[in-house]
Amino acid sequence: MATIKPFLLVLLFSIFSRISSSKTHHPLDPLTREELSLVQLIVKKSYPPRSSPVFHYVALDEPEKHDVLSWLAKPEPEPLPRRAQAILRVHKQTHELVVDLKARKVVSKHVHRGPGFPSLTLEEQTAANDLPLTYGPFLRSAAKRGIDVSQVVCSVFTVGWFAEEKQFIGKRVVKIQCFSKKDTVSVYLLPVEGLTIVVDLDEMRIVEYKDREVAPMPRAEGTEYRLSKLPLPHGPRINGARLVQENAPGFTIDGNVVRWMNWEFHVSFDARPGLVISMARIYDPDQKAFRSVMYRGHISELFVPYQDPTEDYYYKTFFDSGEFGFGVSAVSLVPNGDCPSHAVYMDAFYAGPDGTPVHVPNVFCIFERHAGEVMWRHTELAIPHVTVRPEVSLVVRMIVTVGNYDHVIDWEFKPSGSIKTQVGLTGILEVKAANYTHADQAAASEEAHGTYLAEHTIGLYHDHFLTYYLDIDVDGATNSFVKKNLVPRRNTNTGHHRTPRKSYWTVLGVGPTELVIENPNKKTKPGNPHGYRLIPGPVIHPLLAPDDGPQIRGSFTNYNIWVTPYNKTERYAGGKYVDQSQGEDGLAVWTRRNRKIENEDIVMWHVIGFHHVPCQEDFPMMPTLSGGFELRPTNFFERSAVLKAVPPPPMKADGCGVVEP
């Protein structure tokens, strides 16, 4: 690692100090390239020479929520202080620092001594992946299997936590699995089985190696997915479509603040959750003011436990955000592929392992979605008359690639006041090699733990649990969570109304069906409390035993809905330090405190997901599987928010007629 000489350090420190004070920020803006460089210099200056701190996480240390809301309410607010939080590894210890950018000094330093470690850096993963390729025992294992080491790539996998494995406690270790890339680009589909390789990341060396057995290799044939390499004929052919917007784009971006139609919100980047939506407000023409809907929203964690308990795979129970970082794993978006031609892009920066800013171009795209949907319509048969409004929405997108899976993450805003989220899962399946040549053999075996997809290839069963952090502020921070049960009733035909109808349903008291965040202090003219309703995503429940190590760590998946009082430090469902955590921190632990959540500043956590049983259509690449949820206004407005929505002017394409709205 390169070192900075003392006189250069002082010079750069002076330069970046002047830069950091020259720009006015929105209080939730992510750290800029210049601020990250300043943090790097301040932190290195606070340690003795040759300490070589490794930066695992650097982000804005956000101001207190009440200070941000006060800032927003002022017509010409003064800038709020800018501080950064940093998590480092120094001499095999985890250090937590807070840096005051204006004072240009470290104002807080703490050593974390509990279980768990910070997320892995990309650079240490690369270094660990290279170790087997020059390791004598591995070279002999490869030769025994007839594998050319020059055709091998390796990948890091976190080890999870199991109380029985005392040898790993307190040690920052990972396991390495290697794959053949001979005659394929789908390296995850050709695993080298029967090996255990354990690497100590702090010492960067192999500390355990076992060669247990030789398994047959899957065949490369049928694993190619690049169109240029696939045999003819190709198809089906995708017809192109070009969206023409006369005044594109239909939104503005001021720094990190996006304004579109009746919406205004802040977009930010964080190395851990990646895309963060903050301070979402919608304009109410009746009140002639913006009204708050959501203070902060992002994916808190993605828990992916694989269901193979055998030696090669039992530990594969990943926490993709906490162990690898959604922001660090975000990829640059491909125009006209990942996003439509009219999208606008935003870049991001995060701190590399030596603190140097890493640039991620095109990490977000923002675009108007004209999908041919209907916003609302009605045909009045008696007159007759038809009124219709086409649906248009605004999408903010990020794509995260962690290992074999790609995750397409969308936040979608609608003029009606709804906020929709969607996650699309695609990429390559996790497979294992097995001595099967037909599906009947795999079905008859208790050792398959997956679907037979191709010769010697099993697609492993697994789950995807996505937990969202949703700090909903309906017309202010003081809210309540209300559950209303839809109860079936038998029509007794008593009283004045006698009809043939035999049953109906009604809303009674408290129950698990209608889920609403309400502001009990604000009501519509008819007297209904202002609210936002959750229309849940795909419901999934954990099937692991509650005393199993992965489920202890992933106990935040025990319920699909959690509600906690707002706490700035409680943002990650799996806890602050997820790698090798033991379930001692996180959402399930915080909830045991039984704190007050009625008429308080509250946060809702929503767990969605899929039990994934692979099928042959998922091989060799997986068509996108999507799921999401909607936050929908419920008695928030006095009437429909899109009653007066003005449709776009009619356009006539060649050979097409014009349909009037």
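Looking at an unreviewed UniProt entry, one finds the protein named Amine oxidase, with Linum tenue as its source organism. Word for word, the UniProt comment on the protein under Subunit (unreviewed entry) is "Homodimer." The Sequence similarities (unreviewed entry) field of the UniProt record for the protein holds the comment "Belongs to the copper/topaquinone oxidase family."

Student: What am I meant to see in the overall build of the protein here?
Tutor: Across its full length, the protein carries nine helices and 32 strands. A burial count over the protein gives 52% of its 661 residues as buried. Summed over its atoms, the accessible surface of the protein is roughly 31,600 Å², and 53% of this surface lies on carbon and sulfur atoms.

Student: Can you walk me through the UniProt feature "active site" (unreviewed entry) in the protein in this structure?
Tutor: Taking the UniProt record as the reference, the feature "active site" (unreviewed entry) is found at Asp320 and Tyr405. Across 86 residues of sequence, these annotated residues stay compact in space, with a maximum C-alpha separation of 10.2 Å. Examined against the element boundaries, aspartate 320 turns out to sit in helix H6 (residues 320-324). Discounting residues that sit within four places of it in the chain, aspartate 320 has contacts with Glu301, Leu302, Val304, Gly325, Phe326, Val402 and His407. Filtering out sequence-adjacent residues up to four positions away, tyrosine 405 remains in contact with Tyr306, Val400, Leu425, Thr426, Ile428, Leu429, His462, His464, His612 and Met622.

Student: Can you walk me through the sheet that holds strand S2 (residues 83-90) in this structure?
Tutor: Hydrogen bonding along the main chain pairs the strands of a sheet, whether they run parallel or antiparallel. Pairing is antiparallel in the open sheet, where four strands are placed in the order S1-S2-S3-S4. On the outer flanks of this sheet lie strand S1 (54-60) and strand S4 (105-112), each paired with one strand and no other. Strand-to-strand twist of the sheet, defined as the mean angle between neighbouring strand axes without regard to direction, takes the value 20°.

Student: I keep staring at the pattern of salt bridges and nothing clicks. Help me out?
Tutor: Any two side chains of opposite charge can pair, so long as their charged atoms come close to each other. Using the criterion set out here, one finds 41 salt bridges in the structure. Ionic pairing is found between arginine 82 and glutamate 35, a salt bridge with its closest N-O pair at 2.7 Å. Of this pair, arginine 82 sits in the loop between helix H3 (65-73) and S2 while glutamate 35 is found in helix H2 (residues 33-45), placing the two residues 47 residues apart along the sequence. Note that arginine 83 and aspartate 61 form a salt bridge whose closest N and O atoms lie 3.1 Å from each other. Here the residue arginine 83 occupies a position in strand S2, and aspartate 61 occupies one in the loop between S1 and H3, the gap between them amounting to 22 residues. The class of arginine 83 is partly exposed, set by a relative accessible area of 32%. The exposure class assigned to aspartate 61 is buried, which follows from its relative accessible area of 12%. Within this structure, Asp61, Glu64, Arg83 and Lys568 form a network of salt bridges that share partners.

Student: Please clarify how the environment of glutamine 422 should be interpreted in this entry.
Tutor: Examined against the element boundaries, glutamine 422 turns out to sit in strand S21 (residues 419-427). Given the relative accessible area of 37%, glutamine 422 is considered partly exposed. Spatially, the C-alpha atom of glutamine 422 lies 4.1 Å from that of glycine 628, the residues being 206 residues apart in sequence.

Student: I'm lost on the state of the cysteines in this one. Help?
Tutor: Working definition: the covalent bond between the sulfur atoms of two cysteines is a disulfide. The final tally for this structure, using the stated rule, is two disulfides. At a sulfur-sulfur separation of 2.1 Å, the disulfide partner of cysteine 154 is cysteine 178. Disulfide cysteine 154-cysteine 178: torsion about the S-S bond near 95°, hence right-handed. Of this pair, cysteine 154 sits in strand S5 (residues 152-158) while cysteine 178 sits in strand S6 (residues 173-180), and the two are 24 residues apart along the sequence. The exposure class of cysteine 154 is buried, given its relative accessible area of 11%. Among the residues examined, cysteine 178 registers a relative accessible area of 3% and is labelled buried. One disulfide in the model links cysteine 339 with cysteine 365; its S-S distance is 2.2 Å. Its S-S torsion of approximately -90° makes the covalent link between cysteine 339 and cysteine 365 left-handed. Residue cysteine 339 is located in the loop between H6 and strand S15 (344-351), and its partner cysteine 365 is located in strand S16 (residues 357-369); the two are separated by 26 residues in the primary sequence. This pair shows no difference in class: cysteine 339 is buried, exactly as cysteine 365 is. Taken in sequence order, the bonded cysteines of the protein link in the pattern 1-2, 3-4.

Student: Would you take a moment to explain the sheet that holds strand S23 (residues 450-454) for this structure?
Tutor: Reading across the sheet, the three strands line up as S22-S24-S23 and stay open at both edges, with antiparallel pairing between neighbours. In the strand order of this sheet, the two ends are held by strand S22 (431-433) and S23, each with one partner. Put simply, the sheet's adjacent strands are angled 35° from each other on average, direction ignored. Relative to strand S24 (residues 457-460), S23 runs antiparallel, the two being bridged by four bridges. If you follow glycine 450 over to S24, its bridge partner there is leucine 460.

Student: I'm lost on the environment of valine 199 in this one. Help?
Tutor: Within the secondary structure, valine 199 sits in strand S7 (residues 195-200). On the accessibility criterion, valine 199 (0% relative accessible area) is buried. Counting along the chain gives 70 residues from valine 199 to asparagine 129, while the straight-line C-alpha distance between them is 9.3 Å. When neighbours within four sequence positions are excluded, valine 199 is seen to be in contact with Ala128, Leu131, Arg172, Val173, Val174, Ile176, Met204, Arg205, Ile206 and Val207.

Rules used in this analysis
Residues numbered from 1 in each chain as written. Predicted model: local features only at pLDDT ≥ 70, side-chain atom pairs only at ≥ 80, totals over all residues. Heavy atoms only, no water. UniProt positions renumbered as here; feature names shortened; annotations may be inferred. Helix = DSSP H or I, 4+ residues; strand = E, 2+ residues; numbered from the N terminus. Buried < 20%, exposed > 50% of the residue type's maximum accessible area, 1.4 Å probe, protein only. Areas by Shrake-Rupley, 256 points an atom, 1.4 Å probe, with all protein chains shown as cover. Contact = heavy atoms within 4.5 Å. Pairing = 2+ DSSP bridges. Axes fitted to C-alpha atoms, helices over the stretch in contact; angles between N-to-C directions. Salt bridge = Lys/Arg side-chain N within 4 Å of Asp/Glu carboxyl O. Disulfide = S-S within 2.5 Å.

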